[in-house]
Amino acid sequence: MHPPTISYLTNIYFETGAVNLLPDVMAQHAINRPLIVTDAGLISLGMLARLPIKDAAVFSQLQTNPSEASVLAGLKAYREGQCDGLVALGGGSPIDCAKGIALLATHPEPLDQYAFLEGGLTKITGNKPPLIAVPTTAGSGSEVGRAALITMSSGRKLAIISGHMIPSAVISDPELTVGMPPNLTAASGMDAITHCVEVYCSRKINPVADAIALDGLQRGAKTIRAATQNGSDIHARSEMLMCALEGGLGFQKGLGLIHSLSHPLGAIQKKRLHHGTLNAIFLPHVLEFNMNACPEKMDAVAHVMGQQSRERLPDACRQLISELGLPLRLGELGLTVDDVTPLAAAALEDHSTPPNPRDATQQDCLALFKAAL
């Protein structure tokens, strides 16, 4: 059996061509007939055919920002297909959906009882079918994350958080990300970069996560332009995939207000807003908000991103976002003040708010929403 490249939180097989190891990894976890959780777009791109799996059921009825309905539909497919494990192929949405399916395969409904904000942490056990994550984007870090972000039937986007939610194994093959179009590469990449920044600046104490986050940020800042401009640059693709992975490994330390603001917007079903794009828009605004709360860490982030001082960091991020062709304002996504005003309370109560280096109020959240319009 090929040993994992990295064994940290879970076993990670990170190399070009790693997808060919999937049958062996499945055998290691006694998976004979998996449910492959993916999306229709990836199937149309031929990504499903690149998995060396002979016997599997497939579930692809999901969308950006997975919903409780998608999880329940996937659970039905898992049971009807007589599956004994899962393979999540895609970005954060298929992986998070697969985490939800794996949870409900052995834990009673309803799903929202397992949300962190509902006291669900203690209800989640390790009695779950094995899940192998195969990321095709370099952004979410969900392949090594302990959370699944699901929009519940109530309309709330909630995080289900537990060490038991981390996938059993990860196949990280840079070649699977080569087909990502430039806009998705940029948005996913900014998601990964934002994870690294927020993990590092989190008020929680975790020097190990700090070191991982800074390394990931350095890789991402150096190569996101190349990966976006030349999708076949396998070195850039590999570095961005590692940036995403390291951002996800750092989730143990928590995130911050960027994600607190993004999460409730991601629950707006009629808009289907990309999480990475939202994070990119909020990044410079939250950097300005947090600037004096952790000056030494802001200096370190600025240095890694090639800036001489932390004061230059927000504008440097705006320049990067602009160069990547991403929007700088929520208004460019069709959002108005009427859309964001009711979401300030949800942002404040989000699980990502407490680790933010500066305390925030509901009025602060509303002000940040309005500043980003």
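Keep in mind the model is a prediction, meaning the values are calculated, not measured. (Residues numbered from 1 in each chain as written. Predicted model: local features only at pLDDT ≥ 70, side-chain atom pairs only at ≥ 80, totals over all residues. Heavy atoms only, no water.)

(A) Molecular detail of the overall build of the chain. Across its full length, the chain holds 14 helices and nine strands. The C-alpha atoms of the chain give 19 Å as radius of gyration, which agrees with the globular expectation for 373 residues (21 Å, within 12%). Along the three orthogonal principal directions, the C-alpha set of the chain runs to about 55 × 45 × 40 Å. Accessible surface computed for the chain: about 14100 Å², of which carbon and sulfur atoms make up 51%. Charge-centre separation for the chain: the mean point of 28 positive side chains lies 2 Å from the mean point of 34 negative side chains. (Helix = DSSP H or I, 4+ residues; strand = E, 2+ residues; numbered from the N terminus. Rg over C-alpha atoms; globule rule 2.2 N^0.38 Å. Areas by Shrake-Rupley, 256 points an atom, 1.4 Å probe, with all protein chains shown as cover. Lys, Arg positive; Asp, Glu negative; His and termini not counted. Charge placed at Lys NZ, Arg CZ, Asp CG, Glu CD.)

(B) The arrangement of unusual backbone geometry in detail. Residue Glu-109 is joined to Pro-110 through a cis peptide bond whose omega torsion reads 5°. Mapped onto the elements, Pro-110 comes out in the loop between helix H4 (92–104) and strand S6 (131–135). Residues other than glycine seldom take positive phi values, yet Leu-9 does so here, at roughly 70°. Topologically, Leu-9 is positioned in the loop between strand S1 (6–8) and strand S2 (10–14). If you check the backbone angles, Ala-30 has positive phi at about 55° while not being a glycine. Counting through the fold element by element, Ala-30 comes out in the loop between helix H1 (22–28) and strand S3 (34–37).

(C) How the structure looks around the pairing of strand S7 (residues 147–151). Across the five residues of S7, five count as buried, placing the element largely inside the fold. Bridging between S7 and strand S8 (residues 157–161) involves five bridges; their strand directions are antiparallel. Its bridge partner lying in S8, Leu-149 is registered against Ala-159. Counting the residues between successive antiparallel strands, the hairpin from S7 to S8 contains five residues, one of them, Gly-155, with a positive phi of roughly 100°. (Buried < 20%, exposed > 50% of the residue type's maximum accessible area, 1.4 Å probe, protein only. Pairing = 2+ DSSP bridges.)

(D) Broad picture of the nonpolar core. Residues Met-190, Leu-265, Phe-282, Leu-330 and Phe-369 are the most contacted members of the largest nonpolar core, which totals 72 residues. Among the nonpolar cores identified, the runner-up in size contains 30 residues, and Leu-35, Leu-62, Leu-111 and Ile-160 belong to it. (Core = buried A, V, L, I, M, F, W, Y, C linked by side-chain atoms within 4.5 Å.)

(E) Quick look at helix H14 (residues 362–372). Looking only at H14, the buried set comprises Cys-365, Leu-366, Leu-368, Phe-369 and Ala-372. Viewed along the axis of H14, the buried residues span an arc of 160°, placing them on a single side of the element. Looking at the buried residues of H14, the elements they touch are helix H8 (257–266), helix H9 (275–290), helix H12 (337–340) and helix H13 (344–349). (Arc of directions from axis to C-beta. Contact = heavy atoms within 4.5 Å.)

(F) View of the pairing of S6. Burial within S6 is extensive, with five of its five residues counted as buried. What you see with S6 is no split at all: Leu-131, Ala-133 and Pro-135 on one side and Ile-132 and Val-134 on the other are buried throughout. When strand S5 (residues 85–90) meets S6, the two strands line up parallel, connected through five bridges. Each residue of the ladder has a partner; that of Gly-90, found in S6, is Pro-135. At this point the chain moves from S5, through H4, to the parallel S6, and the crossover so formed is right-handed. Note: S6 against strand S9 (residues 169–172), two bridges, orientation parallel. Bridging across to S9, Ile-132 finds its partner in Ala-169. (Right-handed = clockwise from strand over helix to strand, strands pointing away.)

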